[in-house]
Amino acid sequence: MLRRVFLGLLPLVGSALAQSSSAYTDSGNGIVFQGYTDPVHNVTYGIVLPPTTETSEATEFIGEIVAPVAAQWVGIALGGAMLDNLLLVAWPNDGDIVSSTRYATDYVQPVEYDGPTLTDLPSTSVNSTHWKWVFRCQNCTSWSGGGSLATTGTGVLAWAYSDVGVDDPSDPQSTFSEHTDFGFFGEVYSAAHSDNYDAYLTGGTGTATTTTPTSTTTTSTGPTSTPTVTGTPYDYIIVGAGPGGIIAADRISEAGKSVLLLERGGPSTAETGGTYDAPWTESANLTKFDVPGLFESMFTDSNPWYWCKDITVFAGCLLGGGTSVNGALYWYPNSLDFSTGNGWPSDWQDFQLYLDKMIARLPSTDHPSTDGQRYLEQSFNVTQQLLEGQGYTQITVNDNPNQKDHAYGYSAFDFIGGQRGGPVATYFQTASARSNFVYKDYTMVNNVVRNGSQITGVQTNDTSLGPNGVVPLNPNGRVILAAGSYGTPRILFQSGIGPSDMLSIVQSSTAAANLPPASDFIDLPVGYNVSDNPSINLVFTHPSIDAYENWADVWSDPRTADADQYLQNRSGVFAGASPKMNFWRAYSGSDNNQRYMQGTVRPGAASVNTTYAYNASQIFTITVYLSTGITSRGRIGIDAALRAQPIVAPWLTDPVDKEILIQALNDVVSNMGNVTGLTMITPDNTTTISEYVDNYDPSTMDSNHWVGSAKIGTSATDAVVDTNTKVFNTDNLFITDASIIPKLPTGNPHGTLMTAVEQAVAKILALSGGP
Ligand code: 6FA
Ligand code: ABL
């Protein structure tokens, strides 16, 4: 019975071909596949074809699917879409792989399809972390309805994934619910033919090798032998290639230590191998992550594969982490940001030294266009009239980092030469040039491996890196977690470090097998003390504004003159992101705490809510954030599926925060009447600011500035890392990402974070007992 409606795989999408197959060697069987690893679920799909001269085997191929045990079933649509194509589906059951060929003529349960012959090859296996289906598919290169594989060219393969088990796992024809995720990649069939095909059919080459320099493989002879992988040890294993991980990796490799940087996602900018180009930037090979003016399209993409799909708020899962997808607003920290009042330990006060190191590598610019001109500045000019009437002074913000009261200026960024710069274009490049630095992408770390307080390695999804995917440390080696404010707590929980309620969730999950014995659990307040700026958008119209079609056309149909100008010399509108102005003001609360407000001004708006007509081509937004000094806190945790998420929302839980935010919003609009033509459309004049804040959807108050989930401090009762950023009650586990920041800085945080990481790394290297 067809019990459930399938939404089905979309037909070909333009972005599919941006992800293209490449050759890789499965070190478990020595087979060189042409394939692809989906970075979100870490499932690898590979295909080998017989030599083109081979006629007796012309209608078959060898395929493999390598999936973490979280994958309950995985499917491949050979023609790139669900309908009228040969579908292969497989799942593990009781140590074996159960598989079948299927077919669907409508978006319902695919049914049995006869004709092909599936034969499992010997390296098919199931272990505690992964299942691997290596199979021969005969009579598989064409199917009913006229479809076929382009065996001498290229084609699109669609994959389907589910974290929900099939209904009857022992039955190859079992029904199952609709896939929970799906995607596409370009398969280069022309590069998939192998002269070793017949040897592969017997199980592998018998001489399995590894392609990665990070491990050594030994094998005994015989076609069905399983190679033994001995992981290459490192002085430092760093988890996560966001700003925190990249700077740590660069500075530690600079100090001569051997460093392995592991990142779950893939390339971002073109310089790093990224290929996700807008249609109009293909000729220049510039990706979404390179072109500043494509920033707003991050939020409107039909296939936003770059967000971490197992984190319920925005987080970038690709090289550069948040700094590859963010607005790149970049503020040099001020003395308040690192003050003891703002939660930093007393031996962290000399931040200027580290700020100077950061600026030497990555200076800011408030005029990112290479011609030195500023573009699309109308929203700056209008807001300037408001602020001048409120006693504000214009400054060059990063020339005066301490001036954060009644100050405004042009938005500053860490773009370089009209393109995204950040840590990927700087620190990552210098690290990559060193022979003692190894970078592995598409590698997910689930947990650290430990013997009580001593960390011995990290557990990954890549069995070519070490036995069962475990990468070991050198004697006295250290692990540094930099997986972000959500990613790091999840790794800690899965390592038996954190509050008991979170560890219980892991104990009942698929990750339980990798937990240390409960007697070794380390109770720390991981996930508590979390803050994020509460932010409220005010939307206006003014006749002078060019809303730039609300950025809707920048990806596929940009204004021609602007696109041409950018391609010519990286100048013009596209050399900058959407923000045009920032401003700050200090407030004293009724609780005697001082709080800071930040405003960000940009053309366009995320949403408009008004009962009146308005001119959509004249809209602009002032986002009002409450920052340093806020007292509201929330909590980050995981659910049964190990998805990381806020489990207590951090915004405006303290009424004084709310009081100040409302006051700040009222101040911003207090002299609106003095700016001719300025109209506030959200909230409109049927709603007061207080009502607006009261009814604001809390999830849209999210600023993406999560800090504090593994906060730094002097005591294990209220902090997770000590003043050297070492996790309390461990010998050699450190954290260098936004999770250690105890309280929010005054501006968008990544400048403060990178300065903090410069300092953290200096402390880690100076700490005795290391490699
Ligand atoms: N901050 C600013 O200062 N200015 C901005 O304009 C700004 N805008 C945004 C923005 O527009 C968005 C949409 C977001 C999401 C954030 C913004 N931020 C902005 C915040 C800023 O980007 C973050 O504060 C900053 O990136 C945090 O850096 P971290 O190093 O702490 O963490 P990331 O999330 O950047 O990187 C973590 C990395 O680890 C990722 O690459 C991830 O793929 C990887 N990872 C996670 N779990 C892993 C695992 N288990 N194994 C291997 N790798 C893992
Ligand atoms: C940041 O620091 C914030 O984290 C982002 O939310 C913000 O971008 C950028 N900087 C730029 O100021 C906004 C976009 O401009 C909106 O269009 C989008 O709706 C919002 O992020 C989503 O959080």
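Residues numbered from 1 in each chain as written. Chains lettered and ligands numbered in written order. Predicted model: local features only at pLDDT ≥ 70, side-chain atom pairs only at ≥ 80, totals over all residues. Heavy atoms only, no water.

Visitor: Which parts of the structure should I look at to understand the overall build of the protein chain?
Guide: A tally of regular secondary structure across the protein chain gives 13 helices and 33 strands. Relative to the globule expectation of 28 Å for 771 residues, the C-alpha radius of gyration of the protein chain, 27 Å, shows essentially globular dimensions. The buried share of the protein chain, reckoned over its 771 residues, is 60%. Partitioning the contacts of the protein chain with sequence separation of at least 6, the portion at a separation of at least 24 is 70%. Surface summary for the protein chain: the accessible area is close to 27000 Å², and the carbon and sulfur share equals 49%. Charge separation in the protein chain, taken as the distance between the mean sites of 34 positive and 72 negative side-chain charges, equals 7 Å. (Helix = DSSP H or I, 4+ residues; strand = E, 2+ residues; numbered from the N terminus. Rg over C-alpha atoms; globule rule 2.2 N^0.38 Å. Buried < 20%, exposed > 50% of the residue type's maximum accessible area, 1.4 Å probe, protein only. Contact = heavy atoms within 4.5 Å. Areas by Shrake-Rupley, 256 points an atom, 1.4 Å probe, with all protein chains shown as cover. Lys, Arg positive; Asp, Glu negative; His and termini not counted. Charge placed at Lys NZ, Arg CZ, Asp CG, Glu CD.)

Visitor: Explain the site of ligand 2 here, please?
Guide: E296, S703, N704, H705 and N748 are the nearest of the 13 residues found near ligand 2. Contact between ligand 2 and E296: an oxygen atom at 2.5 Å from a side-chain N or O atom of the residue. H705 is positioned such that a nitrogen or oxygen atom in its side chain is 2.6 Å from an oxygen atom of ligand 2. Protein contact buries 80% of the 470 Å² of open area that ligand 2 shows by itself. Split into classes, the residues belonging to the shell around ligand 2 amount to six nonpolar, five polar and two charged. (Near = heavy atom within 4 Å. Polar contact = N/O pair within 3.5 Å; in protein donor to acceptor, adjacent residues only side chain to side chain. Nonpolar A, V, L, I, M, F, W, Y, C, P; charged D, E, K, R; others polar.)

Visitor: I keep staring at the packing of aromatic side chains and nothing clicks. Help me out?
Guide: Each aromatic ring pair is characterised by the separation of its centres together with the angle its planes make. For the structure shown, the criterion picks out 41 aromatic pairs. Measuring from ring centre to ring centre gives 5.7 Å for Y24 and F33, while their planes differ by 20 degrees; the resulting arrangement is stacked. In this structure F33 comes out as buried when scored by relative accessible area, which is 1%. In this structure, R570 is placed above the aromatic ring of Y566, and the distance from its NZ or CZ to the ring centre is 5.5 Å. (Phe/Tyr/Trp six-rings, centres within 6.5 Å; stacked < 30°, edge-to-face > 60°. Lys NZ or Arg CZ within 6 Å of the ring centre and 35° of its normal.)

Visitor: In this structure, what is going on with the pairing of strand β6 (residues 87-93)? I would like to understand it.
Guide: One face of the sheet, then the other: side chains in a regular strand alternate in exactly this way. Counting buried positions along β6 gives five out of seven residues, so the element sits mostly inside the fold. Alignment of strand β5 (residues 73-77) against β6, held across four bridges, turns out to be antiparallel. Its bridge partner lying in β6, G75 is registered against V89. Examined bridge by bridge, β6 and strand β7 (residues 96-103) share seven bridges and lie antiparallel to one another. Counted as the bridge partner of W91 is V98 from β7. Linking two consecutive strands that pair antiparallel, namely β6 and β7, is a turn of two residues; a positive phi of about 55 degrees is found at D94 within it. (Pairing = 2+ DSSP bridges.)

Visitor: Can you help me understand helix α10 (residues 560-569) in this one?
Guide: Each α-helix turn comprises 3.6 residues. Residues three or four places apart therefore point the same way. Among the residues of α10, those classed as buried are D562, A563 and Y566. The buried residues of α10 occupy one face: seen down the axis, they fall within an arc of 100 degrees. Every exposed residue of α10 that faces more than 90 degrees away from the buried side is listed here: T560, A561 and Q568. Tucked inside the fold, the buried residues of α10 contact β21 (419-420). (Arc of directions from axis to C-beta.)

Visitor: I would appreciate a short explanation of the sheet that holds strand β8 (residues 111-112) in the present structure.
Guide: Strand pairing in a sheet is mediated by backbone hydrogen bonds. Such pairs are either parallel or antiparallel. One open sheet holds the six strands; their spatial order is β8-β7-β6-β5-β12-β13, and the pairing between them is antiparallel. This sheet does not close on itself; its edge strands, each paired only once, are β8 and β13 (181-188). Relative to strand β12 (residues 154-162), β5 runs antiparallel, the two being bridged by five bridges. Bridge pairing links I76 to W159 in β12.

Visitor: Got a minute to help me understand the side chain of D290 in this structure?
Guide: Here D290 lies in the loop between β17 (259-262) and α3 (322-325). Look at D290: it is buried, it has no salt bridge, and the nearest opposite charge is R420 at 7.3 Å. A distance of 2.9 Å separates the side chain of D290 from the backbone nitrogen of A270, its partner in a polar contact. Those residues within four positions of D290 in sequence are excluded, and the remaining contacts are T269, A270, Q419, R420 and Y566. (Salt bridge = Lys/Arg side-chain N within 4 Å of Asp/Glu carboxyl O.)

Visitor: I tried to follow the pairing of strand β2 (residues 32-38) on my own but got confused; where do I start?
Guide: Counting buried positions along β2 yields six of seven residues, so the element is predominantly enclosed. Judged from the four bridges that link them, strand β1 (residues 22-25) and β2 form a sheet pairing that is antiparallel. Paired with A23 across the bridge in β2 is Q34. Where β2 meets strand β3 (residues 43-48), five bridges bridge the pair, whose relative direction is antiparallel. The partner of T37 across the bridge, within β3, is T44. As consecutive antiparallel partners, β2 and β3 are separated by four residues, and within that stretch N42 has a phi angle of approximately 60 degrees, a positive value.

Visitor: Whenever I open this one, the packing of helix α4 (residues 351-361) against helix α13 (residues 750-766) confuses me. Can you help?
Guide: Packed helix pairs are specified by the crossing angle of their axes together with the interaxial distance, meaning the distance between the axes. Interaxial distance between α4 and α13 falls to 8 Å at its minimum, and their mutual angle equals 110 degrees. By the angle between their directions, the pair α4 and α13 is classed as roughly perpendicular. For the pair formed by α4 and α13, the contact residues are F351, Y354, L355, K357 and M358 on the first element and G751, M754, T755, E758, Q759 and A762 on the second. Across the contact of α4 with α13, the residue classes break down as six nonpolar, three polar and two charged. (Axes fitted to C-alpha atoms, helices over the stretch in contact; angles between N-to-C directions. Parallel < 35°, antiparallel > 145°, perpendicular 65-115°, else oblique.)

Visitor: Would you mind going over the state of the cysteines with me for this structure?
Guide: Disulfides are covalent bonds that link the sulfur atoms of two cysteine residues. This structure, assessed with the given rule, holds two disulfides. Note that C137 is cross-linked by a disulfide to C140, the S-S spacing being 2.0 Å. Here the disulfide of C137 and C140 is left-handed, its torsion about the S-S bond being about -75 degrees. With respect to burial, C137 and C140 carry one shared label: buried. Here C308 is linked by a disulfide to C317, with a sulfur-sulfur distance of 2.2 Å. Between C308 and C317 the disulfide shows an S-S torsion of about 100 degrees. By sign, it is right-handed. With respect to class, C308 is no different from C317; both count as buried. (Disulfide = S-S within 2.5 Å.)

Visitor: How should I be thinking about the environment of Y200 in this particular structure?
Guide: In this structure, Y200 sits in helix α1 (residues 197-201). The buried category is assigned to Y200, whose relative accessible area is 1%. Measuring from C-alpha to C-alpha, the distance between Y200 and L118 comes to 15 Å, with 82 residues separating the pair along the chain. Here V32 takes part through its backbone nitrogen, which lies 3.2 Å from a polar atom of the side chain of Y200.

Visitor: Teacher, can you tell me more about the site of ligand 1 here?
Guide: The full set close to ligand 1 counts 38 residues, and E263, G322, V445, A738 and H750 are the nearest of them. One of the side-chain nitrogen or oxygen atoms of E263 is found 2.6 Å away from an oxygen atom of ligand 1. When ligand 1 is considered free in solution it has 1000 Å² of accessible area, and contact with the protein chains removes 94% of it. Of all elements in the fold, only α2 (243-254), α3, α8 (484-494) and α13 reach the threshold of two or more residues within the shell around ligand 1. Partitioned by chemical class, the residues of the shell around ligand 1 number 20 nonpolar, 15 polar and three charged.

Visitor: Where do I start with the pattern of salt bridges in this structure?
Guide: Two side chains with opposite charge may pair up if their charged atoms get near one another. All told, the structure shown has 22 salt bridges when counted by the stated rule. A network of salt bridges, in which partner residues are shared, links D250, R361 and R434.

Visitor: Explain helix α9 (residues 500-507) to me, please; I cannot follow it from the model alone.
Guide: Buried within α9 are the following residues: M502, L503 and V506. In an axial view of α9, the angular spread of the buried residues amounts to 100 degrees, which keeps them on one side of the axis. Elements that come into contact with the buried residues of α9 comprise α8, β30 (635-638) and β31 (644-648).

Spatial relationships are all this shows, so hold off on functional conclusions.
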